[in-house]
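# Tertiary structure, described
Below, each chain spelled out in residue letters.
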Amino acid sequence: MRNGARVPQSHAVYPGSFDPPTKGHLDVIARAAAIFPVVTVAVVVNPQKRSPFFPLDEREEMLRRCTSAYANVRVDHFRGLLADFIKRISADVIVKGLRVVSDFENEMAFAHMNRSLSDVDTMFLMSDSSYSFVSSSLIKEVFLQGGDIAKYVPDIVLACMHQKRLAHGRK
Ligand code: PNS
């Protein structure tokens, strides 16, 4: 938050790759939606990840469908720096999810850099401990090796993952 801002007046941004969105992400979104009047879930357009499992528009669509129950949650995307996106949409606070202590080491550097670039603070929300080992990359690995990921992703995402696999001619 900017100095002097209060949580009830804040517009929070929850950034990420969301490739794919997991139940851990949805847990953080639900917690953020209960605290902040407006939450923008911001999907990064990341040129470093040249072949994402889901293209940007599908990640946004899945997130919109998964968050349709929350009137104060919107879904958007950004290229380049998060700090620039925050300024563009006049957001006040960045929300990040923490699963385990090791997440904090990288996140602390990101938080300092983002505050230095945009004067916006980062607030960390602990996802439910049942999702402490759930990450998008692990979900993809397990799924592509034929493992059951139904417990870890929303039903909407699971259906999209099966469709994607069928589209690639695999069972
Ligand atoms: O879901 P992810 O891949 O862990 O999300 C990482 C994300 C998107 C939050 C981070 O890579 C990011 O903010 N990227 C935008 C570029 C940027 O601002 N980099 C400097 C971060 S201090």
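Along each chain, the written sequence defines residue order, and numbers are assigned to residues from 1. Reporting in this predicted model follows two pLDDT cut-offs: at least 70 for local features of residues, and 80 or more for side-chain atom pairs to be given and counted; totals over whole chains, interfaces and linings ignore these cut-offs and use all residues. Where side-chain values are given, they derive from all heavy atoms of the structure, hydrogens and water being excluded.

In an α-helix, one turn spans 3.6 residues; hence positions three or four apart end up facing the same way. Accessibility here uses a 1.4 Å probe with only protein chains present; expressed as a share of the type maximum, an area under 20% marks a residue as buried, one over 50% as exposed, and anything in between as partly exposed. Strands here mean DSSP runs of E at least two residues long; helices mean DSSP runs of H or I at least four residues long; both are numbered from the N terminus. Burial in helix H5 (residues 136-144) covers these residues: Ser136, Ile139, Lys140 and Phe143. Buried residues along H5 cover an arc of 100° about the axis, so they all sit on one side. Those residues of H5 that are exposed and angled more than 90 degrees off the buried face are Ser137 and Glu141. Each element contacted by the buried residues of H5 is listed here: helix H1 (23-35) and helix H6 (155-167). By arc we mean the arc of the directions from the helix axis to the C-beta atoms, nothing more. Two residues form a contact once any of their heavy atoms are found within 4.5 Å.

What follows concerns the packing of H5 against H6. Every angle, taken between N-to-C directions, lies between 0 and 180 degrees, and every axis is a line fitted to C-alpha atoms, over only the stretch in contact when it is a helix. For the pair H5 and H6, the least separation of the axes is 12 Å and the interaxial angle reads 50°. Between H5 and H6, the interaxial angle falls into the category oblique. Seen from above, H5 lies across H6 with right-handed handedness. Facing Ile139, Lys140 and Phe143 of H5, the residues of H6 in contact are Met161, His162 and Arg165. We call Asp, Glu, Lys and Arg charged. Ala, Val, Leu, Ile, Met, Phe, Trp, Tyr, Cys and Pro are nonpolar, and the rest, Gly among them, are polar. Along the lines of polarity and charge, the residues of the contact of H5 with H6 split into three nonpolar, one polar and two charged. Throughout, the term roughly parallel applies to angles under 35 degrees, roughly antiparallel to angles over 145, roughly perpendicular to angles from 65 to 115, and oblique to all others. Left-handed describes a crossing whose near helix is turned anticlockwise from the far helix through less than a right angle; right-handed describes the clockwise counterpart.

For the rest of this paragraph, the subject is the pattern of salt bridges. Here, a salt bridge means any Lys or Arg side-chain nitrogen found within 4 Å of an Asp or Glu carboxyl oxygen. Going through the model one piece at a time under the given rule, you end up with seven salt bridges. For the salt bridge of Glu107 with Lys96, the shortest nitrogen-to-oxygen distance reads 2.8 Å. Taken together, the residues span a long stretch of sequence, with Glu107 in helix H4 (residues 101-118) and Lys96 in strand E4 (residues 93-98) at a distance of 11 residues. Measuring nitrogen to oxygen at the nearest pair gives 2.7 Å for the salt bridge that ties Arg115 to Asp121.

Time to look at the site of the ligand. Residues are classed as near a molecule or strand on a simple rule: at least one heavy atom within 4 Å of it. Gly16, Ser17, Gly80, Leu81 and Leu82 are the nearest of the 13 residues found near the ligand. We call two N or O atoms a polar contact when they sit within 3.5 Å, provided that within protein one can donate a hydrogen and the other can accept it, with sequence-adjacent residues counted only if both atoms are side-chain atoms. Separating an oxygen atom of the ligand from a side-chain N or O atom of Ser17 is a distance of 2.5 Å. Areas reported as accessible are Shrake-Rupley estimates using a 1.4 Å probe. Residue values count occlusion only from the protein chains shown. Out of a free accessible area of 550 Å², the ligand has 70% covered by protein chains. Those elements that place two or more of their residues in the shell around the ligand are strand E1 (11-16) and H4. Broken down by element, the shell around the ligand gets its largest block of residues, three residues, from H4.

With that settled, the discussion passes to the sheet that holds strand E3 (residues 73-79). At least two DSSP bridges between two strands are required for those strands to pair. Here five strands make up an open sheet; going across it, the order is E3-E2-E1-E4-E5 and the pairing parallel. One side of each edge strand has no neighbouring strand; the edge strands of this open sheet are E3 and strand E5 (121-126). Adjacent strand axes in the sheet meet at a mean angle of 35° when their direction is disregarded. Here strand E2 (residues 38-45) pairs with E3 via seven bridges, running parallel. Residue Val45 lies in a different strand from E3, and its bridge partner there is Arg79. In the packing of H1 onto the sheet, the strands contacted are E1, E2, E3, E4 and E5, and the crossing angle to E5 comes to about 120°. Across the sheet, helix H2 (residues 56-66) touches E2 and E3, and the angle it forms with E2 is around 160°.

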